[in-house]
Amino acid sequence: MKRLRPPARTWAAFFVMTAIVAGLSGCSSVGKDGGMDMAYVSVPDPEAEKKPVLTAGDLRRLFPSAIGRRWTMKVTLAPADPAEQTPANTQHSQDTAIVEKREVVKDGVRVRHAFRFGNTVHRRETYLVTKGGIYLVESGGNGDTVRLSPPMPLVKVGVPAGKRYVWEGKIIIGGQAASARAYGRIFEKRGVQVGGQRRDAYRVDTVLSFPTRQRQEYLPSTRYFAPDVGVVRQTSILFDKDKPVRLDKELIEYE
Amino acid sequence: MNAPEAAGLILSILGIVVSLYAMANPKRRTIGSMALAIAVAGLLGSFATYRFSRAGRWLPPAPDDMAQWEAKDSPFQDYVLAMLGGPQARGREYRNPFGEVVYWSVVTAGPFENYHDPTVCIPDNGFALTAKREFSLDGPGSARVRAMIFKHTSGARMLMYYWTQNRDGSTATEARMGNYRDIPARFQTGYGAVVEGKQTVIVRIYTVIPPDEPDGAVAQYNLNEVSRATYRLLKADGRKPHPEDTWL
């Protein structure tokens, strides 16, 4: 019986095809890793994600509180929706925050900031700085002070990047108390542009929600805390006649 | 198994029996051999069609119990499902307390037309692919996913994670378009569906990085949170028996 053997040409074609398929393996149409926006995607590291962003030692540097310290900020007020922003409905001004009062209390240091437009104080904010974090105690202008009980955490020590912390307490406006809830989180230091300068700062997000007669209010804000300076940038969404407005503050000068 | 698939299998088996009977007669051996070859090809084809359709019959649930995330169903529009060859699908929007939204979709992966790679579909409507990176979602040895950044002409960026996940929990990130470079991945899909009987879903989870964000840390944190919950839920659901499971 005649033995059937494929001709040499068939074998050659088979090997060439095998080589092509092998060469294509792992060569997908989406190509290799890369691109101009690679800085926006990092490789997740579950172990590193468990590490806290701040220690108690870092905290002291984030909130300089000597009497007389001042921060001059450029303030921009505009509709929250970028599509609605025009030069006509965008206001620019300057605001200066000064450490007006500092007192050592049982659990930390209580610091009061006075905010000025020119020589007029239009707002005051009181913070409590403990070993565990930076808390907002009260804020407001003349006659419309808002108090948070217990103080609401802005920055917390020992929390990993991005992990949300929850606060539940009372918001007291003009003697009227209502239940309120807030969420906060902190992210690792990163470079942010502040007044044409790049500064390393921690991003801290807070959102406070509480009921009013009309609706449930949500007041989100983002602050960037730079070591040895304090807040260098802040964005808040506020409501003006039921319309959301965006308040941006950017550090110009720090003494 | 639906009626056309069953008819295909029965007719093919019938064809094999008839052709074997014909081959028993020496006068009809040649025609019987040809008929047998056609019937066997038909049987294999029917089996492959059935297995591809079976590969797309596992539709896992969406995560419902992620702490501090509100979920809202966001069903696929009919024209999108038609474009994808009519797979089963789920769509969701997850919103966290900061008002940030993560868009979530899972599509069953049966026939090849169910696979539409985001690198091909999205770069219309003002988007361009500006970064691509593959990694393990939950540390070394865990689910491989493909992260992509699509930059819009407005300056906003979309960060998307894409992967396919089998019921056994294994994942893949390769594109499976009708491109010569995707032949190995398509072969893998065909072999997995037909020979190994794998059932697969295609996962796309994405969010927006606002133009004023200095990096994508917040967006990526949110995406990691939703994607990890999804991967773990799919893995757990894949191991459970389902009423529509078949032995074939």
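Caption draft 1: Quick peek at the overall build of chain A. Regarding its fold elements, chain A presents 2 helices and 12 strands. Taking 18 Å as the expected radius of gyration for a compact globule of 255 residues, we find that chain A reaches 28 Å, considerably beyond that expectation. Projected onto its principal axes, the C-alpha positions of chain A cover 110 × 45 × 40 Å. Relative to its full complement of 255 residues, chain A shows a buried share of 41%. Relative to all contacts within chain A whose residues are 6 or more apart in sequence, the contacts with residues 24 or more apart total 42%. Carbon and sulfur atoms make up 53% of the accessible area of chain A, which amounts to about 14,700 Å² in all. Averaging the coordinates of the 41 positive side-chain charges in chain A and doing the same for the 27 negative ones gives two points 6 Å apart.

Caption draft 2: Quick look at the pairing of strand S3 (residues 101–108) of chain B. All names here are of chain B. S3 sits mainly inside the fold: 7 of its 8 residues count as buried. Pairing between strand S2 (residues 89–95) and S3: 7 bridges, direction antiparallel. Counted as the bridge partner of Gly91 is Ser105 from S3. Where S2 hands over to S3, the hairpin turn is made up of 5 residues, of which Gly99 adopts a positive phi near 80 degrees. Both S3 and strand S8 (residues 200–209) contribute to a ladder of 7 bridges, which runs antiparallel. Residue pairing in the sheet places Val106 in a bridge with Val203 of S8.

Caption draft 3: Spotlight on the side chain of B:Asp237. All names here are of chain B. With respect to the secondary-structure elements, Asp237 resides in helix H6 (residues 217–239). It is Lys240 that comes nearest to the buried, bridge-free Asp237 among opposite-charge side chains, at 4.2 Å. Aside from chain neighbours lying at most four places away, what touches Asp237 is Trp58, Pro60, Pro61 and His242.

Caption draft 4: Molecular detail of the pattern of salt bridges. Throughout the structure, instances matching the rule amount to 29 salt bridges over all chains. Across the pair B:Arg228 and A:Glu49 runs a salt bridge whose closest N-O atoms are separated by 2.7 Å. With B:Arg228 in helix H6 and A:Glu49 in the loop between helix H1 (8–24) and helix H2 (56–62), the pair connects residues from two separate chains. In this structure B:Arg228 comes out as buried when scored by relative accessible area, which is 11%. The partner of A:Arg203 in a salt bridge is A:Asp205, with the nearest N and O atoms 3.0 Å apart.

Criteria and cut-off values
- Residues numbered from 1 in each chain as written.
- Chains lettered and ligands numbered in written order.
- Predicted model: local features only at pLDDT ≥ 70, side-chain atom pairs only at ≥ 80, totals over all residues.
- Heavy atoms only, no water.
- Helix = DSSP H or I, 4+ residues; strand = E, 2+ residues; numbered from the N terminus.
- Rg over C-alpha atoms; globule rule 2.2 N^0.38 Å.
- Buried < 20%, exposed > 50% of the residue type's maximum accessible area, 1.4 Å probe, protein only.
- Contact = heavy atoms within 4.5 Å.
- Areas by Shrake-Rupley, 256 points an atom, 1.4 Å probe, with all protein chains shown as cover.
- Lys, Arg positive; Asp, Glu negative; His and termini not counted.
- Charge placed at Lys NZ, Arg CZ, Asp CG, Glu CD.
- Pairing = 2+ DSSP bridges.
- Salt bridge = Lys/Arg side-chain N within 4 Å of Asp/Glu carboxyl O.

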